[in-house]
Amino acid sequence: MRVAVVSESFLPTVNGVTTSVVRVLDHLAMRGHEATVIVPAAGSPREYAGFRIHQVPALAYRQFPVGLPNSQVSGLLAAFRPDVLHVASPFLLGAQAIASANRLGVPSVAIYQTDVSGYARRNRLSAASAFAWRLVRWIHEGADLTLAPSTTALADLRAAGVPRLERWGRGVDIERYHPSRRTGAGAADLRARLAPDGETIVGYVGRVAPEKSLERLAELRDIPGMRLAVIGDGPAMPQVVRALDGMPVTFLGALGGDDLADAYAALDLFVHTGTEETFGQTLQEAHASGLPVVAPRAGGPIDLVEPGVDGLLYDPASDSDLRTAVAGLVAAPELRARMGEAGRRRVLGRSWAAICDDLLEFYARVMTDRALAGARI
């Protein structure tokens with residue numbers, strides 16, 4: 001199979017879109033498929049997993065490169081002659097790629113990963129929200145299939161009138177993120193640093209950005225026997241530092257690879273505060289690491305956390321629900337252990353290999369449907 005991958009984000013930028021694309025490319029290489037990759041110019045490597053990376057002109061917007069429509073896209077697709085187009089979180093660049101693929105008779109699969117309604121609510125852009133959804137519909141209705149990561153995202157897309165929808169989640173590295181790391185030197189050393197008196201460590205992992213609402217961690221102030229750890233970095237760091245001033249919190253910065261896996265293993269409880277997650281990849285990584293998860297009852301976490309079994313979902317509109325959930329688990333180590341074991345079991349079937357094999361089946365489906373439609377003409 002020949003797959004053209006067009007992504008609005010790629011290395012060295014690290015976010016959910018990039019992570020998913022990298023995993024898809026790894027899987028395509030492992031399965032022996034061919035691929036080419038088209039991304040906004042942002043200092044990306046020339047190759048990844050043996051596949052050529054093509055960079056097209058982009059402009060910077062709030063620290064992110066935004067790919068611009070460019071004549072190179074049509075030419076690159078025509079030269080590569082793909083069997084299917086994979087478009088990750090399509091915007092301007094992705095919209096052009098879908099249109100070009102349609103002109104070439106190439107089926108396309110679009111991956112939806114942006115909470116448009118949540119962004120509009122947070123920025124009080126109610127007037128712009130309707131336009132944003134019209135733009136999403138216009139982009140995605142050109143694709144043969146749109147894959148959404150959660151039931152909430154599917155419902156939003158259906159309400160916006162986007163056709164041909166299916167759910168496709170995200171995988172997790174169940175080997176790297178593993179409860180056994182808790183007894184390793186890396187996690188043990190970090191635990192000694194974060195909680196020298198054996199306190200319960202409550203941690204967040206992810207980007208420190210306005211939409212993550214990390215200031216809400218201030219609601220956990222003065223919970224007995226608790227220490228906080230924030231793993232990540234981003235533009236909202238100054239506001240978060242101010243909000244948590246005086247609390248027993250350690251900011252570890254952005255971590256990756258085994259250092260990140262050790263950091264998860266050093267925690268006792270994972271907490272998430274953002275309400276705009278279309279999925280919630282860090283929740284899966286926490287579960288894989290054997291941690292109970294506390295997250296808002298909104299967006300992606302609704303599909304990832306079974307309340308009372310592997311974590312708790314709190315009401316994001318409440319001023320006390322987050323604190324009540326965390327305080328209860330801080331005081332209940334046996335319950336945390338049971339929930340952590342249940343979380344690990346929950347993700348065992350969600351390896352990246354399994355999730356990406358599902359994606360290959362979606363590719364095959366749109367290729368077959370396009371071929372049948374062409375035969376009927």
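Above this note sits the structure.
About the criteria used
- Residues numbered from 1 in each chain as written.
- Predicted model: local features only at pLDDT ≥ 70, side-chain atom pairs only at ≥ 80, totals over all residues.
- Heavy atoms only, no water.
- Helix = DSSP H or I, 4+ residues; strand = E, 2+ residues; numbered from the N terminus.
- Rg over C-alpha atoms; globule rule 2.2 N^0.38 Å.
- Buried < 20%, exposed > 50% of the residue type's maximum accessible area, 1.4 Å probe, protein only.
- Lys, Arg positive; Asp, Glu negative; His and termini not counted.
- Charge placed at Lys NZ, Arg CZ, Asp CG, Glu CD.
- 1 Å grid on protein atoms, 1.4 Å probe; cavity = no way out; pocket = protein on both sides within 12 Å on 5 of 7 lines; lining within 4 Å.
- Points joined across faces, edges and corners; volume = space filled by probe spheres on them.
- Axes fitted to C-alpha atoms, helices over the stretch in contact; angles between N-to-C directions.
- Parallel < 35°, antiparallel > 145°, perpendicular 65-115°, else oblique.
- Left-handed = near helix turned anticlockwise from the far one by under 90°.
- Contact = heavy atoms within 4.5 Å.
- Salt bridge = Lys/Arg side-chain N within 4 Å of Asp/Glu carboxyl O.
- Phe/Tyr/Trp six-rings, centres within 6.5 Å; stacked < 30°, edge-to-face > 60°.
- Lys NZ or Arg CZ within 6 Å of the ring centre and 35° of its normal.
- Pairing = 2+ DSSP bridges.
- Core = buried A, V, L, I, M, F, W, Y, C linked by side-chain atoms within 4.5 Å.

Draft legend 1. Quick look at the overall build of the chain. Across its full length, the chain holds 14 helices and 16 strands. Relative to the globule expectation of 21 Å for 377 residues, the C-alpha radius of gyration of the chain, 21 Å, shows essentially globular dimensions. In terms of overall dimensions, the chain has a C-alpha envelope of 70 × 45 × 35 Å along the principal axes. Burial analysis of the chain (377 residues in total) assigns 52% to the buried set. Both charge centroids of the chain, one from 39 positive and one from 40 negative side chains, sit 5 Å from each other.

Draft legend 2. Quick peek at the environment of glycine 186. Following the sequence through the fold, glycine 186 ends up in helix 7 (residues 185-194). Considered as a pair, glycine 186 and valine 6 are 180 residues apart in the sequence and their alpha carbons are 37 Å apart.

Draft legend 3. Local environment of the layout of surface pockets. Of the pockets and cavities examined, the second largest pocket occupies roughly 230 Å³. Every residue lining the second largest pocket is counted, 16 residues in all, and those nearest its centre are Arg182, Gly290, Leu291, Arg336 and Ala337. Those elements that provide at least two residues to the lining of the second largest pocket are helix 9 (257-266) and helix 13 (333-347). No other element matches the six residues that helix 13 contributes to the lining of the second largest pocket.

Draft legend 4. The packing of helix 7 against helix 9, seen in detail. One way to put it is that helix 7 packs onto helix 9 with a least axis distance of 8 Å and a crossing angle of 55 degrees. Of the possible angle classes, the one that applies to helix 7 and helix 9 is oblique. The handedness of the crossing between helix 7 and helix 9 is right-handed. When helix 7 is examined against helix 9, the residues Gly186, Ala187, Leu190 and Arg191 are found in contact with a partner set consisting of Asp262, Ala263, Ala265 and Ala266.

Draft legend 5. Representation of the pattern of salt bridges. Summed over all chains, the structure comprises 17 salt bridges. Between arginine 181 and aspartate 262 there is a salt bridge whose closest N-O contact spans 2.8 Å. Taken together, the residues arginine 181 in the loop between strand 10 (165-167) and helix 7 and aspartate 262 in helix 9 connect sequence positions 81 residues apart. Judged by its relative accessible area of 22%, arginine 181 falls in the partly exposed class. Classification of aspartate 262 by relative accessible area gives buried; the value is 15%.

Draft legend 6. View of the packing of aromatic side chains. Under the definition given, this model contains four aromatic pairs. What links up through ring pairs into an aromatic cluster is the set Tyr177, Tyr264 and Phe270. Across the ring face of phenylalanine 80, the terminal group of arginine 2 is positioned such that the distance to the ring centre comes to 4.1 Å.

Draft legend 7. Broad picture of the sheet that holds strand 2 (residues 34-40). As summarised here, the arrangement of the eight strands in space is 3-4-2-1-7-8-9-10, forming an open sheet in which the pairing is mixed. Both edges of this open sheet fall to strand 3 (47-48) and strand 10, since each of them pairs with a single strand only. Pairing of strand 2 with strand 4 (residues 51-56) involves five bridges; the strand directions are parallel. The partner of isoleucine 38 across the bridge, within strand 4, is histidine 54.

Draft legend 8. Fine view of the nonpolar core. Formed by 31 residues in total, the largest nonpolar core has its most connected members in Tyr177, Tyr264, Phe270, Leu283 and Val293. In terms of residue count, helix 9 provides more of this core than any other element does, six residues in total. Beyond its immediate chain neighbours, meaning those up to four positions away, phenylalanine 270 contacts Gly203, Tyr204, Val205, Tyr264, Thr282, Leu283, Ala286, Leu291, Pro292, Val293 and Val294. Formed by 30 residues, the second largest nonpolar core is a distinct cluster that contains Val5, Tyr48, Leu145 and Leu360.

Draft legend 9. Inspection of the environment of alanine 195 at higher detail. Among the structural elements, alanine 195 can be located in the loop between helix 7 and strand 11 (200-205). For alanine 195, a relative accessible area of 6% corresponds to the buried category. Here the alpha-carbon distance between alanine 195 and alanine 317, two residues 122 residues apart in the chain, equals 31 Å. In this structure alanine 195 touches Ile201 and Arg227, once residues within four positions along its chain are discounted.

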